[in-house]
Amino acid sequence: MAAIGTIRKHGIFLMCIIGIALLAFVMGDVSQLSGLFSDKYTMVKIDGKKFDDEYRTRLDQNSALWKIFFELSSLDETYTAQVHETTWSQLLEQTIMEKQLKGLGLSITKEIEEEIAADMLASLNSQQPNQLLQRFASYLAQQRGMEWAISIISNIEEYKNEPQARELYNAYKAIERFAVIDFQRARYMALAQNSVTFSDEAAKHFAANNNSMLAQAITLFPTAAQFNEIQPTVTDKEVKDWFQKNINRYQIKNDSRDIDLAIFPIQPSPEDLATIRDTAMNRTARLKEAASVEEYHISMMNGQLDSTYFKRSDINVDTLVKLIFDRPIGTVIEPFEYENAVWYYGKTYGMAKRPDSVLLAYLVVDFKTANNSAPTRSKSEAKAIADSLKNLIQGGANIFALLPNYLGGRDATDTTTWIAEHSIYQQLYNSFLSNNIYIQDMPNAYLVHQVLERTAPVEKRQFVIYTEEIKPSDATIKSIRSQAMQLQAESNSAEDLMTLAAQKGIQVAQGKDITSMTSSIAQVQNAREIVSWAYNIETKINSVSDVYNINNNSSFVVAAVRDMKKKGEAKLESAREAIETELKAMKKLELVEKTIADELNSGSSIQQVAEKYQVAFMDSLKLIFGGETYQNRNIDNAAIGKIFALPIGKPSAVAGKTNVYAVSVYQLEEAGEPSPNFTMEKSILRNAVVGRSRNDNTILDGLKEKANILDQRYLFFAR
């Protein structure tokens with residue numbers, strides 16, 4: 001009874017415990033409950049909102065657009081990576097800008113999106129059509145003309161749920177979204193750019209200091225060979241001090257991995273090469289002994305012998321051209337190796353002089369079938385009409401006079417077309433060579449062809465070519481895989497993997513800062529599977545992977561994670577190399593500046609310094625304090641301010657951002673009167689601030705840095 005009382009006393013608490021336990025049981029594992037209350041399985045999240053489904057929808061739409069524009073049935077890893085990055089960039093930009101516009105009461109509403117789509121469609125009939133939509137319309141127009149294409153686009157929503165038109169619908173929606181984002185960006189950037197203003201006081205101060213001068217000058221490049229003897233060193237303390245003072249510069253922008261690879265190319269062994277060569281030789285010997293090419297062809301289980309004729313220019317392997325066309329018919333083509341990829345051998349067996357193409361005109365006599373109920377005539381009736389038309393044409397009737405009545409409802413006045421030999425079945429082409437008028441039996445109609453013209457006959461030959469592909473044997477592949485598995489078993493860290501691989505002469509590669517959506521590591525392409533493994537939650541620093549087979553049996557690869565870098569962190573060791581390079585460049589700039597200053601102070605003229613270091617001497621050079629870099633002969637702004645503080649007539653060395661300048665000012669012109677209301681001065685200031693450091697990308701980058709972004713798109717490949 002006491003136990004029952006205790007249960008009643010804590011009933012609510014126990015019910016919660018039981019409920020959680022039951023939920024865990026249903027889900028299979030108590031540990032999986034954490035996923036319900038975390039972002040462990042969230043792929044994309046921006047400012048607290050999940051976008052997994054939206055991302056997949058946009059990805060499907062962009063993928064469809066890529067397939068159409070690049071005429072692909074599927075996307076390889078390179079295109080897939082492009083589509084992922086475009087999709088992410090669009091989603092991030094659109095979400096962040098929409099938040100900004102919403103705060104200003106300027107959201108892109110559904111009505112605005114519909115108006116953008118309508119304007120985009122209307123642009124097809126203007127002088128400045130939407131480029132993406134025009135390309136899409138041109139693609140559709142290849143089927144049935146531009147009017148039909150525009151009709152499809154105008155009614156695109158009707159095809160939303162049509163499986164056969166799904167790709168077209170998705171591609172259009174991608175184009176529509178591009179247009180909406182362009183509109184959104186233009187609206188926001190106009191506000192952002194116009195928010196930069198300058199007071200009259202600031203413009204007045206600038207106007208008073210916007211002097212100009214005439215000077216002699218030269219530009220010296222510290223990286224030039226003339227300064228190779230200047231090799232500054234950097235201490236560890238200098239690196240650490242610089243890192244601490246500038247730590248924000250080295251914040252990691254994205255999660256990344258350093259991944260080491262041991263690569264085992266899957267190539268034929270010497271034994272494989274010998275076996276393949278011997279096979280080609282032995283089979284050629286059998287071909288020579290065979291009673292006929294047909295007999296050998298059948299014995300090789302190759303089916304019926306191809307009767308196609310080829311002219312010399314149809315063959316793109318020079319060695320084959322000579323072996324086929326420069327020797328008598330019936331000669332065996334001795335085996336030869338081609339580009340370390342295949343052995344060729346074969347035999348010629350026929351020759352004829354044949355036209356390379358024929359000019360045809362045709363009539364269509366269609367008949368009723370299960371798939372074509374429009375015609376009223378039966379197949380037998382259509383055959384009788386076709387035979388009658390053949391007789392009429394043979395009797396001298398003009399085929400074009402018969403067109404209006406015998407085109408199966410098609411609207412055309414001319415059906416002539418040139419047909420090349422290899423563009424149709426060999427048997428059909430032979431029929432056009434032997435008959436001036438030929439009736440072709442089609443599934444829904446009879447076509448009555450008249451041959452109007454044939455090109456001049458050229459020599460063509462019949463031959464059969466057999467190939468022995470140069471590839472590794474199953475035994476070789478198994479052996480290479482065993483080597484990879486052995487290295488994998490012996491390696492307990494990234495360092496182990498690289499050290500053992502070097503000892504065994506195994507090819508290695510090291511990928512640095514590999515982000516989660518990357519599809520390649522160093523020079524290794526199509527490494528998506530390895531990248532996904534490196535980002536798996538179970539993979540840690542110094543984890544060694546299983547053996548991966550990449551690029552369709554081109555290589556076995558063993559990978560190891562050397563380092564993991566987390567977004568936002570700033571690690572000294574990760575930044576050390578970049579800091580040392582930057583500090584050395586800064587020191588060298590200072591040392592070159594001192595070297596030039598010493599030479600000028602010792603009495604050398606600027607022209608003499610120019611001759612010594614073989615650089616161009618600029619005389620009567622006009623410099624403007626507020627001028628653009630191109631107006632100041634590419635002297636950077638970091639140096640311009642210093643130059644305008646130099647005394648007149650004294651040659652001096654001035655360090656800019658990356659170069660050193662030797663300058664002698666001989667005339668200074670004071671700034672003139674400012675423009676009315678400081679209009680020109682404000683324009684110069686605005687261009688300097690907005691045009692250089694506050695461009696669209698800079699503004700977007702600033703917004704992205706402030707956003708709370710979770711990018712775990714590598715989970716896309718784990719679904």
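Procedures and definitions
Residues numbered from 1 in each chain as written. Predicted model: local features only at pLDDT ≥ 70, side-chain atom pairs only at ≥ 80, totals over all residues. Heavy atoms only, no water. Helix = DSSP H or I, 4+ residues; strand = E, 2+ residues; numbered from the N terminus. Rg over C-alpha atoms; globule rule 2.2 N^0.38 Å. Buried < 20%, exposed > 50% of the residue type's maximum accessible area, 1.4 Å probe, protein only. Lys, Arg positive; Asp, Glu negative; His and termini not counted. Charge placed at Lys NZ, Arg CZ, Asp CG, Glu CD. Pairing = 2+ DSSP bridges. Axes fitted to C-alpha atoms, helices over the stretch in contact; angles between N-to-C directions. Salt bridge = Lys/Arg side-chain N within 4 Å of Asp/Glu carboxyl O. Polar contact = N/O pair within 3.5 Å; in protein donor to acceptor, adjacent residues only side chain to side chain. Contact = heavy atoms within 4.5 Å. Arc of directions from axis to C-beta. Parallel < 35°, antiparallel > 145°, perpendicular 65-115°, else oblique. Nonpolar A, V, L, I, M, F, W, Y, C, P; charged D, E, K, R; others polar. Phe/Tyr/Trp six-rings, centres within 6.5 Å; stacked < 30°, edge-to-face > 60°. Lys NZ or Arg CZ within 6 Å of the ring centre and 35° of its normal. pLDDT = per-residue confidence, 0-100.

**A few points about the overall build of the protein chain**
Of regular secondary structure, the protein chain possesses 23 helices and 18 strands. In terms of overall size, the protein chain is more extended than a compact globule, its C-alpha atoms giving a radius of gyration of 38 Å where 719 residues would be expected to give roughly 27 Å. The C-alpha extent of the protein chain, read off along each of the three principal axes, is 105 × 100 × 65 Å. Counting only residues that meet the buried cut, the protein chain has 40% of its 719 residues in that class. Across the protein chain, the 78 positively charged side chains and the 89 negatively charged ones have centroids separated by 3 Å.

**Some remarks on the sheet that holds strand E10 (residues 445-454)**
Across the sheet, which stays open at both edges, the four strands sit in the order E8-E7-E10-E9 with antiparallel pairing between neighbours. In this open sheet, the two strands that pair with only one neighbour each are strand E8 (417-420) and strand E9 (437-441). Direction aside, the axes of adjacent strands within the sheet are offset by 40° on average. One ladder, built from nine bridges, connects strand E7 (residues 357-366) with E10; its direction is antiparallel. In the sheet register, Asp366 faces E10, and the bridge partner there is Ala445.

**With respect to the pattern of salt bridges**
The full count for this structure, using the stated rule, is 39 salt bridges. The closest approach of N and O atoms between Lys565 and Asp258, which form a salt bridge, is 3.3 Å. Linking Lys565 in strand E14 (residues 555-565) with Asp258 in strand E4 (residues 256-265), this pair joins segments that are 307 residues apart in sequence. Exposure class is identical for Lys565 and Asp258. Each is buried. Of the charged contacts, one joins Glu573 and Arg576 as a salt bridge, the two residues approaching to 3.0 Å between their closest N and O atoms. Of this pair, Glu573 and Arg576 both sit in helix H19 (residues 572-601), separated by three residues, roughly a single helical turn. Taking the relative accessible area as the measure of exposure, Glu573 reaches 57% and is therefore exposed. Overlapping salt bridges bring together Lys311, Asp314, Arg354, Asp356, Glu421 and Lys460 as one network.

**Here we look at the sheet that holds strand E15 (residues 618-624)**
Across the sheet, which stays open at both edges, the four strands sit in the order E15-E3-E17-E16 with antiparallel pairing between neighbours. Here the strands that pair on one side only, and so sit at the sheet edges, are E15 and strand E16 (652-655). This sheet shows a mean twist of 45° between the axes of neighbouring strands, independent of strand direction. Pairing between E16 and strand E17 (residues 660-669): four bridges, direction antiparallel. Note on E17: the bridge partner recorded for Ala653 is Ala662.

**Let's talk about the side chain of Thr415**
With respect to the secondary-structure elements, Thr415 resides in the loop between helix H14 (379-394) and E8. Take Thr415: its relative accessible area is 6%, and that puts it in the buried class. From its side chain, Thr415 meets the backbone oxygen of Tyr362 in a polar contact 2.9 Å long. The contacts of Thr415, once residues within four sequence positions are left out, are Leu360, Ala361, Tyr362, Leu403 and Leu407.

**Structural notes on helix H23 (residues 696-706)**
Within H23, burial applies to Ile699, Leu700 and Leu703. For H23, the arc enclosing every buried residue in end-on projection is 95°, short of the 170-degree limit, so these residues lie on one face. Facing away from the buried side of H23 by over 90 degrees, the exposed positions are Asn697 and Glu705. Summarising the contacts, the buried residues of H23 are in contact with helix H4 (77-103) and helix H8 (166-194).

**Considerations on the packing of H8 against H23**
Put simply, H8 and H23 touch, their axes get as near as 11 Å, and they point 95° apart. Between H8 and H23, the angle falls in the class roughly perpendicular. Of the residues in H23, those in contact with Arg185, Tyr188, Met189, Ala192 and Gln193 of H8 are Asp696, Ile699, Leu700 and Leu703. Across the contact of H8 with H23, the residue classes tally to six nonpolar, one polar and two charged.

**Regarding unusual backbone geometry**
Of note in this structure, Asn526 is not a glycine but carries a positive phi near 55°. Counting through the fold element by element, Asn526 comes out in the loop between strand E12 (507-514) and helix H18 (528-534). With a phi close to 50°, Ser620 is a non-glycine residue in the positive phi region. Counting through the fold element by element, Ser620 comes out in strand E15.

**Here's the deal with the packing of aromatic side chains**
On inspection of all chains with the given rule, the structure shows 13 aromatic pairs. Aromatic side chains Tyr338 and Tyr344 sit 5.8 Å apart centroid to centroid with 45° between the ring planes, which places their arrangement in the tilted category. Overall, the relative accessible area of 26% leaves Tyr338 in the partly exposed class. We classify Tyr344 as buried; its relative accessible area is 16%. By the ring-pair criterion, three or more aromatic residues cluster together here, those being Tyr296, Tyr345 and Tyr466. Above the plane of the ring of Phe69 lies Arg135, whose end atom (NZ or CZ) is 4.2 Å from the centre.

**Here's the deal with the environment of Asp200**
Its place among the elements puts Asp200 in helix H9 (residues 200-209). For the pair Asp200 and Leu323, spaced 123 residues apart in the sequence, the C-alpha separation amounts to 86 Å. Dropping the residues within four chain positions of it, Asp200 is found in contact with Asn677, Phe678 and Lys682.

**Re the environment of Thr499**
As for its placement among the helices and strands, Thr499 is situated in helix H17 (residues 494-503). Its relative accessible area of 34% is what places Thr499 among the partly exposed residues. Considering only alpha carbons, one finds Thr499 and Gly330, 169 residues apart in sequence, at a separation of 59 Å.

**Remarks on the side chain of Asp260**
With respect to the helices and strands, Asp260 occurs in strand E4. Side-chain polar atoms of Asp260 contact the side chain of Arg562, separated by 2.6 Å.

**Structural notes on the environment of Lys584**
Relative to the helices and strands, Lys584 is located in helix H19. Since its relative accessible area comes to 37%, Lys584 is described here as partly exposed. Considered as a pair, Lys584 and Gln607 are 23 residues apart in the sequence and their alpha carbons are 28 Å apart. In this structure, Lys584 is in contact with Pro232 and Val234, ignoring residues within four places of it in sequence.

**Overview of H17**
Taken as a whole, H17 has its buried residues at Ala494, Leu497, Met498, Leu500 and Ala501. Elements that come into contact with the buried residues of H17 comprise E4, helix H16 (474-490), E12 and E14. Immediately downstream of H17, the backbone of Gly505 shows phi near 70°, a positive value.

**What about the confidence of the model for the protein chain?**
Residue-level pLDDT values for the protein chain average 88, and 93% of them are 70 or greater. Confidence, expressed as mean pLDDT per element, reaches its minimum in the protein chain at helix H1 (residues 2-9) with 43 and its maximum at H16 with 97. Counting interchain partners and residues more than four positions distant, the pLDDT-below-50 stretch residues 1-10 has one contact. Taken together, the stretch residues 20-36 has pLDDT below 50 and engages in 10 contacts with residues farther than four places along the chain or on a different chain.

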